[in-house]
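Spelled out, the chains give:
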Amino acid sequence: MRIPSPWRGVSALIAFAFLAAVPAHAGWTGKGELGYLMARGNSDTNTGNLKLDLATEGPQWKHAFGMSGLYGQNNDITSAQRWDVRWQSDYKLTERFFVFGAARYEDDAFSGFDYQATLSAGAGYKFIDTDATKLSGTLGLGYRSLRPEILVKDAAGNVTDRIKGDSASDAIVNAGLDFLRKLTATTQITDKLLVESGSANTFVSNDLALQVSMTDKLALSVGYGIRYNSDPPGGLETTDQLTTINLVYLIK
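Quick caveat, the model's predicted, so the values are computed rather than measured.

## Digging into the pattern of salt bridges
Pairing between side chains becomes possible if they bear opposite charge and their charged atoms approach one another.
Okay, step 1: Evaluation of the coordinates by the stated rule reveals 12 salt bridges.
Okay, step 2: Asp 53 is the salt-bridge partner of Arg 86, the closest N and O atoms lying 3.1 Å from each other. With Arg 86 in strand 4 (residues 77–92) and Asp 53 in strand 2 (residues 45–57), the pair connects residues that are 33 residues apart, well separated along the chain.
Okay, step 3: Judged by its relative accessible area of 28%, Arg 86 is partly exposed.
Okay, step 4: Taking relative accessible area as the criterion, Asp 53 reaches 19% and is therefore assigned buried.
Okay, step 5: The residue Asp 216 makes a salt bridge to Lys 252 at a minimum N-O spacing of 3.0 Å. With a gap of 36 residues between them, Asp 216 in the loop between strand 11 (202–213) and strand 12 (218–229) and Lys 252 in the segment after strand 13 (239–251) connect regions that are remote in the sequence.
Okay, step 6: Its relative accessible area of 52% is what places Asp 216 among the exposed residues.
Okay, step 7: Looking at Lys 252, the relative accessible area reads 55%, which means it is exposed.

## Things to note about the packing of aromatic side chains
Okay, step 1: One pass over the full model with this rule turns up six aromatic pairs.
Okay, step 2: Pairing Tyr 125 with Phe 127 gives two aromatic rings, centres 5.4 Å apart and planes at 65°, and the pair type is edge-to-face.
Okay, step 3: Tyr 125 gets classed as partly exposed once you look at its relative accessible area, which sits at 35%.
Okay, step 4: Here the aromatic residues Trp 28, Phe 65 and Trp 87 are joined through ring pairs into a cluster of three or more.
Okay, step 5: Across from the ring centre of Phe 203, 4.3 Å away, lies the NZ or CZ of Arg 104, which sits over that ring.

## Regarding a nonpolar patch on the surface
Okay, step 1: Taken together, Trp 61, Tyr 91, Leu 93, Phe 97, Val 99, Tyr 125, Phe 127, Ile 128 and Leu 177 make up a surface patch of nonpolar side chains, about 780 Å² in accessible area.
Okay, step 2: At three residues, strand 6 (residues 113–129) tops the list of elements feeding residues into the nonpolar patch.
Okay, step 3: Within the fold, Val 99 resides in strand 5 (residues 97–108).
Okay, step 4: According to the relative accessible area criterion, Val 99 is partly exposed, its value standing at 31%.

## Topic: the confidence of the model for the protein chain
Okay, step 1: For the protein chain, per-residue confidence averages 86 on the pLDDT scale, and residues scoring 70 or more make up 87% of the total.
Okay, step 2: Least confident of the elements in the protein chain is helix 1 (residues 5–21), whose mean pLDDT is 46; most confident is strand 10 (residues 187–198), at 97.
Okay, step 3: For the stretch residues 1–14, pLDDT sits under 50, and the model shows 19 contacts to residues farther than four places along the chain or on other chains.

## A closer look at the pairing of strand 5
Okay, step 1: Across 11 bridges, the pairing between strand 4 and strand 5 is antiparallel. Bridge pairing links Ser 89 to Gly 101 in strand 5.
Okay, step 2: Looking at chain direction, strand 5 and strand 6 are connected through 11 bridges and run antiparallel. Each residue of the ladder has a partner; that of Arg 104, found in strand 6, is Thr 118.

Rules used in this analysis
- Residues numbered from 1 in each chain as written.
- Predicted model: local features only at pLDDT ≥ 70, side-chain atom pairs only at ≥ 80, totals over all residues.
- Heavy atoms only, no water.
- Salt bridge = Lys/Arg side-chain N within 4 Å of Asp/Glu carboxyl O.
- Helix = DSSP H or I, 4+ residues; strand = E, 2+ residues; numbered from the N terminus.
- Buried < 20%, exposed > 50% of the residue type's maximum accessible area, 1.4 Å probe, protein only.
- Phe/Tyr/Trp six-rings, centres within 6.5 Å; stacked < 30°, edge-to-face > 60°.
- Lys NZ or Arg CZ within 6 Å of the ring centre and 35° of its normal.
- Patch = residues over 30% accessible without salt bridge, like charges linked within 9 Å, V, L, I, M, F, W, Y side chains within 5 Å.
- Areas by Shrake-Rupley, 256 points an atom, 1.4 Å probe, with all protein chains shown as cover.
- pLDDT = per-residue confidence, 0-100.
- Contact = heavy atoms within 4.5 Å.
- Pairing = 2+ DSSP bridges.

Here it is in C-alpha cells:
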C-alpha cells in the first residue's frame, strides 16, 4: 500500500532531523540538503526535495548511508513523488582497492515501477585520491526485485488509477563512479553515477552538483540529476530530469 504523500513528507523530515543530529556524537560526517519552490499565478506549483548523505570511516571499514525525497504538486494535483534509501559498506584491501556490499530501495510514483529494490556486492578502486580530487569506481553483481505499475490517466493527463503488475526478480550488473573536485577553498563539484542493468530493466542515475560554502556549516548547492529506466511500462518516458537549488547543512 502506498503511503499518503503528506505522511511521507512528515516521515522524511523527522528522519532528516534525527539523522542530522546523530553524527556529532557517533563519528559520522556528511551533509543534509533541503530545497523548496513555490509558484503562484496562472498555475499553483509546489516542489520540494531533500537529501541526506552520511559516512563514517575507520582503518578498514567505511559505511555510507543516503536518502532522498521529492514531491511536486501542480494545481493541487500530485505531479512528482519519489523517495529512496541506500547503504554501502566498503572493506579496504589496500589503500586504493576495496570490496563492497550495497543495498538500495526506491519508490517512485511516476516511474512506471511501484518499487525497485537491489542487493549487490563487488569491488572498487580509487583512481585518484588527493585532497583536491577524488575519483573512485565500483563494479559488482547483484539481485533485484521490482514491480511494474501502469498509470491510468484521463484526457487532461491526471492519474486516475494505478494497475500493479506481478513482482519480478532478476540478476543485475552494478556499476558506479564517484567524483569530487575542489575548485577553491569554498567551492566544489561532485558527480555520482549509478547503473543497475538486468533483463527486466536498466536503471541509470547521475547527479551533478556545484556546492559553494557560505559558512563553516551552511552552503548552497545547484544540482542537475538524470534518472533513466530502459523499460517503463505503460508508454511512460524513459528519462526524468531534475534541476535543484538547495540549502546545505554540513555535518562535521
